[in-house]
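This is what each chain is made of:
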Amino acid sequence: MLKFVLRRLLLAIPVLLVVVTISFFLVRLAPGGPFMEERAYPPAVIEKLNAKYGLDKPLHEQYFNYMQRVILHLDLGPSTRYLDRTVGDVIAQGLPNSMLLGGTAYLTALVLGMAAGIIAALRQNSGVDYGAMAVAVLGVSIPNFVLGPLLVIVLSLTLYWLPPARWGDLSHLILPALTLSALYTAYIARLTRSGLVEVLRSDYIRTARAKGLRESVVLLRHALRGSLLPVVSYSGPALAFLLGGTIVVEKLFLIPGLGNFFIEAANARDSFIVVGVTLVVATLLIVLNLVVDIVYALIDPRIAYK
Amino acid sequence: MGTPLLSVRNLQTSFFTREGEVRSVDDVSFDLEAGQTLGIVGESGSGKSVTSLSIMRLIPTPPGRIKGGQVLFGGQDLLKLSDRQMRAIRGKRIAMIFQDPMSSLNPFLRIARQLTEISELHLGLDRRAARRRAIEMLELVGIPDAARRIDDYPHQFSGGMRQRVMIAMALSCDPQLLIADEPTTALDVTIQAQILELIKDLRERLGTAVILITHDLGVVAGMADRVAVMYAGKIVESAPTDSLFARPAHPYTQGLLRSMPDPLQEVAELYQIPGLPPDMTRLPPGCAFAPRCPHAAEPCSQPPETVAVGAAHRSACWLNVRSETRA
């Protein structure tokens, strides 16, 4: 197992290098540059700025300098959008906010989604089942830029229960977390339901019932484990994107998270931040997928890694 | 003869599908004495598994439903019990083993847990006693090195071993009745014989009554005291095993026996019953076997009567009615 984890982590390094390379050139291929603002700087200033950030050199040289800095010094470079800060500073500021928001949304989705999925599966083809699944379809199909403002209108502007935007205490967390979790709640509910329905039909559940076990024991001891597997595999990538910052919701609620910085940076052609944030999300994705594989092995004894 | 251990009376179980009602078990009756073995024989879809699941009340509802009849076990009608009372019987007084040992054990739980939960539940044993009991049972069914292998997972066992585990599990609480639903169908031929020997041996040692469900007449011949032959949800013939093999009365039973290969006789081609098993949603009004029957005649459009054709030997065919009246 330890060997497996180490090998996967080693394999991640070339993957991340490829990610950095591709995103570096993609940003550079986009038209425009970092210092082209509406109120243009004098050409002499731009030239100096370009020289300061090494942007006056040929592209391949810039690439090699950048890679050298990333690999040898683990330094993601300066920010051209926030002139007094490095990419590291920006990530250190944005990532905790994004992780708090994303983590809350994910936990909400997990609890609500699994509860709804289990109830729906146990009362398969009943009114409760159809109701829960109808809500789930709604959750999947309403985009968060619609749901967010709707929640704001109802819960803040009409009922005055919650602040409509900005970031501060925990009350600021609730609306964006709810908005963000809707899609994932719906998806997890559907995965849990279909997984459980399938397991409940399987031969070993019939065996468990033939033993005279109570239905609650059949569910908790025998059925639930197998039905968790689809949710677990979905959780890896889902969690990576949730923790790595969400552009729409952070923008909508003015949250100083990674997604917000990312979009600001992209608009300002700040290639260093764009590549840096991409690297963070890619790392999260790789690590969380590894965690999924480990959890899989913990749940299902038939899976063994060498 | 005292009251039988199990007495199934006019059992009717249907499945309600899009194509209509499927009468999987239609007016089935039989008795089983304590310690005896009843073989139920029939093709796939003849209703033999549904009969056994109905006795255990494990029919998935919906789409299935037990529509009527009685299942008298030790004088109690199981169909009238509450769910709670029924759970106290399942696994304790009636145990069941299934066709496919590969999928019948929970792949996520250790063998130990799957064995101990049943004796903890029904015998009130604590963890340690239940574990001791489980190791004992595994040794009884011939699992070598049971004390160590008990902590394995099902996938670490072969098919035959898993069926042994299933048997150990089923017999943990000394049930009065063991229902074995095609216990050897999914196994290699050599393993089949071992498992049958094991069931036979344990049956004698523990005095358990057995319902053996199979499509293999050879299995029944060596194991059962009585045989019931099912076709399209009905018992078409039932008899003591010797009598059934010596004097099969129903044309379907005759066909089944003729289609068994006889190792002493060399034949060019093995006999097979013409036609296909019936479509259970569209059964003919009379005898369901008539379309495939070489003796089919005019009276077969009426449901056949079940008549005695010998000592404890009954058959549901107009042919038998005629021969009886002639005699």
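All values derive from a computational prediction rather than experimental measurement.

Enquirer: Mind showing me how you'd approach the overall build of chain B here?
Expert: Looking only at helices and strands, chain B has 12 helices and 12 strands in total. Computed over its C-alpha atoms, the radius of gyration of chain B comes to 21 Å, within 12% of the 20 Å expected for a compact globule of 327 residues. For chain B, the spread of C-alpha atoms along the principal axes amounts to about 65 × 50 × 45 Å. Residues counted as buried form 52% of the 327 residues belonging to chain B. Long-range contacts, defined as pairs at least 24 residues apart, comprise 63% of the intrachain contacts of chain B with a sequence gap of at least 6. Averaging the positions of the 36 positive and the 36 negative side-chain charges in chain B gives two centres separated by 6 Å.

Enquirer: I tried to follow the side chain of Glu237 of chain B on my own but got confused; where do I start?
Expert: Residue and element names in this part refer to chain B. For Glu237, the position within the fold is in strand S10 (residues 234-240). Although Glu237 lies buried, it forms no salt bridge, and the closest oppositely charged side chain, Arg247, sits 8.6 Å away as judged by the N-O distance. A distance of 2.9 Å separates the side chain of Glu237 from the backbone nitrogen of His250, its partner in a polar contact. A polar atom in the side chain of Glu237 sits 2.7 Å from the side chain of Thr253. Once you skip the residues sitting within four places of it in the chain, Glu237 turns out to touch Val227, Ala228, Val229, Leu244, Arg247, Pro248, Ala249, His250, Thr253, His313, Arg314 and Ser315.

Enquirer: I would appreciate a short explanation of the interface of chain A and chain B in the present structure.
Expert: Many structure descriptions define interface size as the accessible area lost when the parts assemble. If you look at the interface, chain A gives 19 residues, while chain B gives 25 residues. Together chain A and chain B conceal approximately 2,100 Å² of surface at their shared face, both sides included; 62% is due to carbon and sulfur atoms. Applying the counting rule to chain A against chain B returns 2 salt bridges. In this structure, Glu117 of chain B and Lys211 of chain A form a salt bridge, with 2.6 Å as the shortest nitrogen-oxygen distance. Counting every contact that joins chain A to chain B gives 11 residue pairs in polar contact (both at pLDDT 80 or more). Listed by contribution, the elements that provide at least two residues to the side of chain A that touches chain B are helix H8 (203-210) and helix H9 (215-243) of chain A. At 6 residues, H8 of chain A tops the list of elements feeding residues into the side of chain A that touches chain B. Here the residues of the side of chain A that touches chain B sort into 6 nonpolar, 4 polar and 9 charged.

Enquirer: Looking at this structure, how should I read the sheet that holds S10 of chain B?
Expert: Strand-to-strand pairing in sheets goes through backbone hydrogen bonds, with the strands running parallel or antiparallel. Residues and elements named next belong to chain B. Ordered in space as S6-S7-S8-S3-S9-S10-S12-S11, the 8 strands form an open sheet in which the pairing is mixed. Because the sheet does not close on itself, it has two edges, and the strands there are strand S6 (94-97) and strand S11 (306-310). Within the sheet, the average angular offset between the axes of one strand and its neighbour, ignoring direction, is 20°. Pairing of strand S3 (residues 37-41) with strand S9 (residues 226-231), which is carried by 4 bridges, proceeds in the parallel orientation. The partner of Val41 across the bridge, within S9, is Val229. Running over the sheet, helix H1 (residues 48-55) touches S3, S6, strand S7 (177-181), strand S8 (209-214) and S9 and is turned about 145° from S8.

Enquirer: Before we go on, may I ask you to explain the pairing of S7 of chain B in this structure?
Expert: Residue and element names in this part refer to chain B. The buried fraction of S7 is high, at 5 of 5 residues. The alternating pattern of S7 places Leu177, Ile179 and Asp181 on one face and Leu178 and Ala180 on the opposite face, and all of these are buried. Bridge analysis of S6 against S7 gives 4 bridges, and the strand direction is parallel. Residue pairing for S7: Ile97 is matched across the bridge by Ala180. In this structure, S7 lies alongside S8, joined through 5 bridges in parallel fashion. Within S8, the position partnered with Leu178 by the bridge is Val210.

Enquirer: I keep staring at the sheet that holds strand S4 (residues 64-73) of chain B and nothing clicks. Help me out?
Expert: Residue and element names in this part refer to chain B. With antiparallel pairing, 4 strands are arranged side by side in an open sheet as S2-S1-S4-S5. Taken across any chain shown, the strands that pair with only one partner, and hence form the sheet edges, are strand S2 (20-32) and strand S5 (76-77). Across 10 bridges, strand S1 (residues 6-17) lies against S2 in antiparallel orientation. Bridge assignment links Phe16 to a residue of S2, and that residue is Glu21. Docked against the sheet, H1 engages S1, S2 and S4, running at close to 110° with respect to S1.

Enquirer: Whenever I open this one, the nonpolar core confuses me. Can you help?
Expert: Within soluble globular proteins, side chains that are nonpolar tend to cluster in buried spots. In this structure, Leu6, Phe30, Ile55, Leu177 and Ile211 of chain B are the most contacted members of the largest nonpolar core, which totals 96 residues. For this core, the element with the most residues is helix H7 (residues 159-171) of chain B, which contributes 8 residues. No fewer than three residues from each of domain 1 (6-93 + 176-188 + 204-286) and domain 2 (103-172) of chain B sit in this core. Ignoring sequence-local partners within four residues, the contact set of Ile55 of chain B consists of Leu6, Val8, Phe30, Val71, Leu78, Met86, Ile94, Ile179 and Ile211 of chain B. Formed by 75 residues, the second largest nonpolar core is a distinct cluster that contains Phe24, Tyr63, Leu191 and Leu239 of chain A.

Enquirer: Help me out: how do you make sense of the pairing of S10 of chain B in this one?
Expert: Both faces of the sheet carry side chains from a regular strand, because those side chains alternate between them. Residue and element names in this part refer to chain B. Of all the 7 residues making up S10, 5 are buried; the element is thus mostly covered by neighbouring parts of the structure. Where S9 lies against S10, 6 bridges are found, and the strand directions are antiparallel. Looking at the pairing, Val227 lines up with Ala239 of S10. Here S10 pairs with strand S12 (residues 313-316) via 2 bridges, running antiparallel. Its bridge partner lying in S12, Ser238 is registered against Arg314.

Enquirer: Which parts of the structure should I look at to understand the domain arrangement of chain B?
Expert: All names here are of chain B. Structurally, chain B comprises domain 1 (6-93 + 176-188 + 204-286) and domain 2 (103-172). Summarising the inter-unit geometry, the C-alpha centres of domain 1 and domain 2 are found 28 Å apart. The interface is formed by 11 residues belonging to domain 1 together with 8 residues belonging to domain 2. Note on domain 1 versus domain 2: buried area summed over both sides is about 720 Å², and carbon and sulfur give 70% of it. Where domain 1 meets domain 2, there are 0 salt bridges.

Enquirer: What exactly am I supposed to notice about the side chain of Ser181 of chain A here?
Expert: Mapped onto the elements of the fold, Ser181 of chain A is located in helix H7 (residues 171-200). Excluding anything up to four places from it in sequence, Ser181 of chain A contacts Ala105, Thr108 and Ala109 of chain A.

Enquirer: When you look at helix H3 (residues 59-73) of chain A in this model, what are you seeing that I'm missing?
Expert: Because an α-helix completes one turn every 3.6 residues, residues spaced three or four positions apart along the sequence face the same direction. All names here are of chain A. For H3, spanning 15 residues, the distance from its first C-alpha to its last is 21 Å, which sits close to the expected 21 Å at 1.5 Å a residue. Those residues of H3 not exposed but buried are Gln62, Tyr63, Tyr66, Met67 and Val70. Burial along H3 is one-sided: seen end-on, the buried residues are contained in an arc of 130°. Across from the buried face of H3, at angles greater than 90 degrees, the exposed residues are Phe64, Leu72 and His73. Among the residues trailing H3, Leu74 stands out with phi positive, at a value near 50°.

So, how was this worked out
- Residues numbered from 1 in each chain as written.
- Chains lettered and ligands numbered in written order.
- Predicted model: local features only at pLDDT ≥ 70, side-chain atom pairs only at ≥ 80, totals over all residues.
- Heavy atoms only, no water.
- Helix = DSSP H or I, 4+ residues; strand = E, 2+ residues; numbered from the N terminus.
- Rg over C-alpha atoms; globule rule 2.2 N^0.38 Å.
- Buried < 20%, exposed > 50% of the residue type's maximum accessible area, 1.4 Å probe, protein only.
- Contact = heavy atoms within 4.5 Å.
- Lys, Arg positive; Asp, Glu negative; His and termini not counted.
- Charge placed at Lys NZ, Arg CZ, Asp CG, Glu CD.
- Salt bridge = Lys/Arg side-chain N within 4 Å of Asp/Glu carboxyl O.
- Polar contact = N/O pair within 3.5 Å; in protein donor to acceptor, adjacent residues only side chain to side chain.
- Buried area = accessible area lost by both parts, 1.4 Å probe.
- Nonpolar A, V, L, I, M, F, W, Y, C, P; charged D, E, K, R; others polar.
- Pairing = 2+ DSSP bridges.
- Axes fitted to C-alpha atoms, helices over the stretch in contact; angles between N-to-C directions.
- Core = buried A, V, L, I, M, F, W, Y, C linked by side-chain atoms within 4.5 Å.
- Domains from an automatic or database assignment.
- Expected span 1.5 Å × (residues − 1).
- Arc of directions from axis to C-beta.

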